[in-house]
Every structure is written in C-alpha cells, then in structure tokens.
Amino acid sequence: MIEKILTEIVANCCAMDRQAVAVYRSLAEYTDDPELQRFWQQMMSEEETHVTYWENLLDLATKGALPQIFQHPDQVNEELRAQREKIKKIAAKSEHPLNRKEQFFMAFRLEFYMLHPNLEKLWKFYDIIHPDSHDPGKEYKAHIRNLAHAGRKFGDGSIELEVLSETLEKMWEQIQNSGREAYFDPLTGILNRRGMLDAMKTMGFLAKRNQFGSGVLMIDIDNFKRINDTLGHEAGDQVIRRVAERIKANVRSSDLVGRFGGEEFLVFLPQVDQDGISALAEKIRHSVANDTQKETAVTISIGAAGAVIKRSVEEALHQLILDADTMLFAAKKQGRNRVAITAAQVG
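So, here is what we can say about the structure in this document. (Residues numbered from 1 in each chain as written. Predicted model: local features only at pLDDT ≥ 70, side-chain atom pairs only at ≥ 80, totals over all residues. Heavy atoms only, no water.)

Bringing the state of the cysteines into the picture now. Counted under the stated rule, the structure contains zero disulfides. Cysteine C13 remains unbridged, with the sulfur of C14 as its closest cysteine sulfur at 8.6 Å. Of the residues examined, C13 reaches a relative accessible area of 0% and is grouped as buried. C14 gets classed as buried once you look at its relative accessible area, which sits at 0%. (Disulfide = S-S within 2.5 Å. Buried < 20%, exposed > 50% of the residue type's maximum accessible area, 1.4 Å probe, protein only.)

Next comes the structure, spelled out in structure tokens:
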C-alpha cells in the first residue's frame, strides 16, 4: 500500500511537468515576438528535461526501490492531485491567444503551483542517489530565475510582474532550504541519519538488482568527549566538521556519507568487494590521523562489513549496519585508531 501511494505521488509530479510542457508549447505558438517565442521554447525544453527525471523516479517507485520519504503520504498525494487539476485548467486556457502580460501571468501561476515542497524533497532525493547526473534542484532554480528575469525584461515596467518575479524567487529559496533540512546535517553538510537511511534503501535495491557487493563503514571519533571537556563544544564541532570533510574527500562520488550520531558517521559503498572495503576504510583512517590540525588532532575507529544482497534490501542493510557497529566496538576494544572488518557475507 505504501509503495502504491509513493508511485501515485511521483506519477502526479510527472503529470504536472508534462502539463507544463504543454503550457509553454502553447505560449510559444501564440506569441508573435520571435525573442519571446524562443524563451517559451527554452522553458518548454527545460520542462521536458524535468519529465525525464520524474520518469526515472517513477520507474524506481514502481519497482519498490524508493523509500517512503513522506510522513503523511496520503495528504501529500491529495495536495498534488489538487495542484495537478489547477495546472490542467491552466493548460486548457493556454490553448488560446494571449497578450504578453497575460502570458507571463499564466506562466507565473503555473510555476507557483509547481512550487510544492514535496516536489523539491523528491528532487533533492534524486540528486542524492544520482550524484553524477544533473542536479534537478539547481536546474529548476535556474528555470525560476530565467522566468523572473524574463518577466522583468518583457514586462514593460509592469509593477505586478516585478512583484511576482521577486515573490517567486523568494518562495523557491525557502522551499529549497526546507528540502535541504529534511536530508542534510546542518553542521557538516553531509546527509543526516534519515537522509542516509532513505538513500541507502534505493542504492541497496540497485546493488541487489545488479548483484554488486555492498559495504558499510561505521566510523567513530576516538576520545571525542575529552575534546569537548577540555577545549569546549565549539572545538568539538570543528573536529566533527573536519572529520566529515576528510571522509567525504576520500570516498567515491557514488558512495553515501552521513552523520549517524553525535560523533559517529556512516558510509555506504554500493559497488565494492571485500578488499575495496578494507582499502577505503584504511584510506579514511589514515587521512584523519594525518590531519595537520595539531591542537585538535584526532583519530577514528572504523567498523566495516560487506555483503552481496540476496534477500530483503531493508533487512540486509539493517544487518550490515549491525555488523559494522559490532566491528566498530571491536576496533575500539583493540586500542582505537584502527579498522575491524567482518568476513564477506551473503545478505
């Protein structure tokens, strides 16, 4: 049932962008200004790109590979259905000739309805699981800015269009910030616990489908309490940020890095063998230990586990995290500043 609702949510998002394509196509068709026509065609092309992103997410949702990232999915689905109906009406009205100001009012109304926080949340998630692809959020930001700029340029000094342009940009900035807060840790800029676990489900599904080996690293800063007690919490925060930077700098772009607890980090490696897990863990440990910040120099202990996922993705990932946590305890017990790793398993 949960997967069905999530699929409907993504399908509604996809349908909204398809309708946006139709609106901009009509606006381009019914303008007699060649420069403005090129602008509407550009907006249409950008919406067509957005549709491909939704189609990729819809494919994952249909296969059960997306986590339920919404606290109230039924409510989100109803809200998006309502927005979809409003955009459908705009699309119908766009099939008739409009003057320049009316065209921009229609475009602004369209984008207002598209500025739903849950669309941004899904796009933010898309960027997490496709780090090497285009960033939909950044592209949509440019899309909004282009519309606002065009509203000012072609608006012939219209105060209404100027206000709409400013409002649209501010709304998008606020929505972007709320979407980021849902997934990212404000101190380090890496994924938070929720963002990490949600992204791991999808990456784990893809690893299972391709029968790639997966790995988990549980990382803890050694003797962190001593830093807080002797140097203060501000110094402790600086250490946490610096360790996060060292971890991020030493993993691949396809790997996931998150802050799992206070001074604890989690790394998910979606395509790796046992030797690769061990080598990467040692690389991270060595990088932190050799940091040049002598006043707050720290070491880390790492617990590592790997498996080829065969069964339920969620169960396998849960077990990998437990195994890595057990190995972290072993690394601490053995003297800290070391890596402890389990033998490879079939999850």
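Orientation of helix α8 (residues 193-210) relative to helix α12 (residues 313-333), taken along the N-to-C sense of each, is 110°, at an axis distance of 9 Å. Accordingly, the angle class assigned to the pair α8 and α12 is roughly perpendicular. Our pair here, α8 against α12, has a crossing hand that is right-handed. Within the contact between the two elements, α8 uses L197, M200, K201, G204, F205 and K208 and α12 uses V313, E314, L317 and I321. Split by residue class, the contact of α8 with α12 holds six nonpolar, one polar and three charged. (Axes fitted to C-alpha atoms, helices over the stretch in contact; angles between N-to-C directions. Helix = DSSP H or I, 4+ residues; strand = E, 2+ residues; numbered from the N terminus. Parallel < 35°, antiparallel > 145°, perpendicular 65-115°, else oblique. Left-handed = near helix turned anticlockwise from the far one by under 90°. Contact = heavy atoms within 4.5 Å. Nonpolar A, V, L, I, M, F, W, Y, C, P; charged D, E, K, R; others polar.)

One turn of the α-helix equals 3.6 residues, which is why residues spaced by three or four share an orientation. Relative to the 21 Å expected for 15 residues at 1.5 Å per residue, helix α4 (residues 100-114) spans 21 Å between its end C-alpha atoms, a close match to the ideal helical length. Within α4 the residues assigned to the buried category are Q103, F104, M106, A107, F108, L110, E111, Y113 and M114. Two to three positions downstream of the cap, the backbone nitrogen of K101 sits 3.2 Å from a side-chain oxygen, assigning the N-cap of α4 to N99. (Expected span 1.5 Å × (residues − 1). Polar contact = N/O pair within 3.5 Å; in protein donor to acceptor, adjacent residues only side chain to side chain.)

So, on to empty space enclosed by the protein. According to the stated counting rule, one finds two cavities of 30 Å³ or more in the structure shown. Of the pockets and cavities examined, the largest cavity occupies roughly 60 Å³. Lining the largest cavity we find M114, L115, H116, L119, E120, W123, Y140 and W172. Per-class residue counts for the lining of the largest cavity are six nonpolar, one polar and one charged. In this structure, the second largest cavity spans a volume of roughly 30 Å³. (1 Å grid on protein atoms, 1.4 Å probe; cavity = no way out; pocket = protein on both sides within 12 Å on 5 of 7 lines; lining within 4 Å. Points joined across faces, edges and corners; volume = space filled by probe spheres on them.)

What follows concerns the pattern of salt bridges. For the structure on display, the rule yields 20 salt bridges. Between D220 and K332 there is a salt bridge, with its nearest N and O atoms 2.7 Å apart. In this pair, D220 is assigned in strand β1 (residues 213-221) and K332 in helix α12, connecting sequence segments 112 residues apart. Taken as a pair, D220 and K332 share a single burial class, namely buried. Linking E315 and R311 is a salt bridge whose minimum nitrogen-to-oxygen distance equals 3.5 Å. Judged by its relative accessible area of 47%, E315 falls in the partly exposed class. Here R311 falls in the partly exposed class, since its relative accessible area comes to 35%. Beyond isolated ion pairs, a larger network of salt bridges with shared partners links K4, E8, E78 and R81. (Salt bridge = Lys/Arg side-chain N within 4 Å of Asp/Glu carboxyl O.)

Attention shifts here to the packing of α4 against helix α6 (residues 136-154). It is at 11 Å that the axes of α4 and α6 come closest, and there the two elements cross at 155°. Comparing their axes, α6 and α4 come out roughly antiparallel. Taken as a pair, α4 and α6 cross one another with a handedness that is left-handed. Facing α4, whose interface residues are R100, F104, A107, F108, E111 and M114, α6 presents Y140, H143, I144, L147, A148, A150, G151 and F154. Classifying every residue of the contact of α4 with α6 by side-chain character gives ten nonpolar, two polar and two charged.

For the rest of this paragraph, the subject is the packing of aromatic side chains. In this structure the tally under the stated criterion is nine aromatic pairs. On the numbers, 4.9 Å between centres and 45° between planes, the contact of W40 with F104 is tilted. Here the residue W40 occupies a position in helix α2 (residues 34-62), and F104 occupies one in helix α4, the gap between them amounting to 64 residues. Owing to a relative accessible area of 0%, W40 belongs among the buried residues under this scheme. (Phe/Tyr/Trp six-rings, centres within 6.5 Å; stacked < 30°, edge-to-face > 60°.)

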